[in-house]
Amino acid sequence: MDYQPVIVKVHPRPSSSKSSPEARYWRQFKHPVFVKEYAPVTSVHFSPTKLHRYAVTAATRVQLYAPRTQKVTKTISRFKDIARSGCIRADGKLLVAGDDTGLIQVFDINSRAILRTFDSHKQAVHVTKFSSLAPTQVLSCSDDTTVRIWDVPSQSCTTTFTAHTDYVRSGQSSTSSPHLHLTGSYDATVRLFDSRSGHCEMVMNPAGGSTGGNVPVEQVLMFPSGTVAVSSAGSILRVWDLVAGGRCVRALSNHQKTVTAIAFDSTASRLLTGGLDQMVKVYDVSTYKVVHTMRYPAPVLCLAVSPDETHIAAGMTDGTLSVRRRNPKPSETQFDASLAAAVLRSGTFETFLGGTLPAIGLGTVKGKGKAKPLGDVNEFRIESRRAKRLKGYDKLLKGFKYSAALDSVLRKQVPPTTTFALIQELIHRDGLRIALAGRDDVLLEPVLRVLVKHATDPRFGEMVCDIAGLVIQMYTPILGQSPLIDSLFLRLRKKVQTELRFQKEIRRTKGALDMIFSAVASTNLPLR
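Here the structure is a predicted model, which is why all the values come from computation and not from measurement.

Peer 1: Where do I start with the sheet that holds strand S6 (residues 83-88) in this structure?
Peer 2: With antiparallel pairing, the four strands of this open sheet are ordered in space as S6-S7-S8-S9. One side of each edge strand has no neighbouring strand; the edge strands of this open sheet are S6 and strand S9 (114-118). Taken pair by pair, the neighbouring strands of this sheet meet at an average axis angle of 20°, ignoring direction. Two elements, strand S8 (residues 104-108) and S9, share four bridges in a ladder whose sense is antiparallel. Within S9, the position partnered with Gln 105 by the bridge is Thr 117.

Peer 1: What am I meant to see in the packing of aromatic side chains here?
Peer 2: The geometry of an aromatic ring pair comes down to the distance between the two centres and the angle between the two planes. Enumeration according to the criterion identifies twelve aromatic pairs in this entry. With a centroid separation of 5.1 Å and an interplanar angle of 80°, the aromatic rings of Tyr 25 and Trp 26 are classed as edge-to-face. The buried category is assigned to Trp 26, whose relative accessible area is 2%. Arg 169 extends its terminal NZ or CZ atom over the ring of Tyr 186, reaching a point 5.0 Å from the ring centre. When the ring centre of Tyr 296 is taken as origin, the NZ or CZ atom of Arg 324, which lies over that ring, is 4.6 Å away.

Peer 1: So what exactly am I meant to see when it comes to the packing of helix H6 (residues 416-428) against helix H9 (residues 461-475) here?
Peer 2: Packed helices, taken two at a time, are described by their axes: the angle between them and the distance between them. Closest axis-to-axis distance for the H6/H9 pair is 11 Å, and the angle between their directions is 55°. When the axis of H6 is compared with that of H9, the two are oblique. For the element pair H6 and H9, the recorded crossing hand is left-handed. From H6, Phe 420, Ile 423, Gln 424 and Ile 427 reach across to H9, where they touch Met 463, Val 464 and Ile 467.

Peer 1: Help me understand the nonpolar core, please; the structure alone is not making it clear to me.
Peer 2: Side chains that are nonpolar tend, in soluble globular proteins, to be buried together. In this structure, Leu 406, Leu 451 and Val 471 are the most contacted members of the largest nonpolar core, which totals 37 residues. At the level of elements, helix H4 (392-398), helix H5 (402-408), H6, helix H7 (432-436), helix H8 (441-453), H9 and helix H10 (483-523) are the ones that each hand at least two residues to this core. Top contributing element to this core by residue count: H9, with seven residues. Residues contacting Leu 451, with those up to four places away along its chain left out, are Val 464, Ile 467, Ala 468, Val 471 and Leu 492. Counting 15 residues, the second-largest nonpolar core is a separate cluster that includes Ala 261, Val 282, Ala 298 and Val 305.

Peer 1: Sorry, what's going on with the pairing of strand S16 (residues 190-194) here?
Peer 2: On a regular strand, each side chain points to the face opposite its neighbour's, so the side chains alternate between the two faces of the sheet. Summarising burial for S16: five of the five residues are buried, a large majority. Going residue by residue along S16, you find Val 190, Leu 192 and Asp 194 tucked away on one face and Arg 191 and Phe 193 tucked away on the opposite face as well. Where strand S15 (residues 180-185) and S16 come together, five bridges link them in antiparallel fashion. Each bridged residue has a counterpart across the sheet, and for His 181 the counterpart in S16 is Phe 193. Two successive antiparallel strands, S15 and S16, enclose a turn made up of four residues, where Ala 188 displays a positive phi of approximately 70°.

Peer 1: Which parts of the structure should I look at to understand the sheet that holds strand S5 (residues 72-76)?
Peer 2: Within a beta sheet, neighbouring strands are joined by backbone hydrogen bonds and run either parallel or antiparallel to one another. Taking strand neighbours across the sheet as the criterion, the four strands line up as S2-S3-S4-S5 in an open arrangement whose pairing is antiparallel. Bordering the open sheet on either side are strand S2 (41-46) and S5, each of which pairs with just one other strand. Within this sheet the neighbouring strands show an average axis-to-axis angle of 20°, counted without direction. As paired elements, strand S3 (residues 54-58) and strand S4 (residues 61-65) share five bridges and run antiparallel to each other. Within the sheet, the bridge partner assigned to Tyr 54 lies in S4 and is Tyr 65.

Calculation rules
Residues numbered from 1 in each chain as written. Predicted model: local features only at pLDDT ≥ 70, side-chain atom pairs only at ≥ 80, totals over all residues. Heavy atoms only, no water. Pairing = 2+ DSSP bridges. Helix = DSSP H or I, 4+ residues; strand = E, 2+ residues; numbered from the N terminus. Axes fitted to C-alpha atoms, helices over the stretch in contact; angles between N-to-C directions. Phe/Tyr/Trp six-rings, centres within 6.5 Å; stacked < 30°, edge-to-face > 60°. Buried < 20%, exposed > 50% of the residue type's maximum accessible area, 1.4 Å probe, protein only. Lys NZ or Arg CZ within 6 Å of the ring centre and 35° of its normal. Parallel < 35°, antiparallel > 145°, perpendicular 65-115°, else oblique. Left-handed = near helix turned anticlockwise from the far one by under 90°. Contact = heavy atoms within 4.5 Å. Core = buried A, V, L, I, M, F, W, Y, C linked by side-chain atoms within 4.5 Å.

Written as structure tokens, this is what we have:
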């Protein structure tokens, strides 16, 4: 009879947030690169076009970074005061930014030349953004309480909204209509303006009162559909239904301090928020539950996710820019490769030939498997099956070297399921005592460390108790001769005592809950 390898049993692992697919995805954004600026980073914006360079606004300059190298490619420093809200247009050719003097400037990114200047604001301009549907239109929000719409070709203000009564520090043009603009102000209101009428069409009051309360609105964000908006006032995040007249449908309070940044991922299925509590939280917009949390070394002022979802950039109050990167899977880049191939095949000569030429400059991928020889259909074929290679511990077990087999699975890189599967096999063979016998303190140490580590693991707890009883029975006479072994035995005892106390507390809690549930059930019984 052939030797049967050890069967490693698969144990169901308890579910946890750390092992959920959502958490695994966001943990792929790792190895953050920290860039130190000499002033707080107040704005980060990714270019919608390919390569997705991002503009970082800090102090009196706006810098453009390359996402692959995290190096500065352009620096725009033609500002007289602190720069604000550097925003790249959808075609990636122009950049608009304001400053604390109230001046708004439009730059050519390649030459860094000033193309347009708008100087109607009387105080600092904190928001300057291009409209995604009207590329020649710029939205600006200022501390002079006004919101203005600018026409870039004519260098003139087309609409001015004056409904706010305090600083306007956040705003966005709708991605569903070029005429709608959402703003948030320190007068504690969120307003929806229509440039066709020139008036405020909807007022959303986070405080719920007529005076608006005293909590300023820090950020606003509109869903791509244009029917739902999100705002932050203090540590509270609110979701507004614009179709229902600006009704608040959700209020979320997962941050401990003021929420200063709001951003969507590329599909708007996840909402990211950053705050002064140094946390960035990820919400699932279908349930508005937090699915992941990221910690940063300083309070977060701004946040952005690249359109291809490979980078998360965050600016902080201490002047640190943090960029986390995720390596996309090959399946995610497959579309780009096919698109590049289509571009190569779109030449005039290849089109004339019907696109039969191979893609120029593209390599071919060979299959990993070997080519199978083809013979006659009626040919009699004999297939040879390759014998499976035994693992190291299986070879030792096959040779009845029980002690060496046990040592081979006590290493740190061996998963515990394999370790306890081999110990179970030794128990079935009545070889566990043989494998544990004759060990000095050096060989006994890894056995005790495994017992200490997995004493409270529900998958192996019963087996750990059996092994620990056998080890104590065999090595009680040598206690006191090795300080290391004595300390491991004490740790094992302490861990078992802690687990026993924990189990007693669980039983007490379970009994209390059973009493509460039974009392509730008895009160809800129908009367006859």
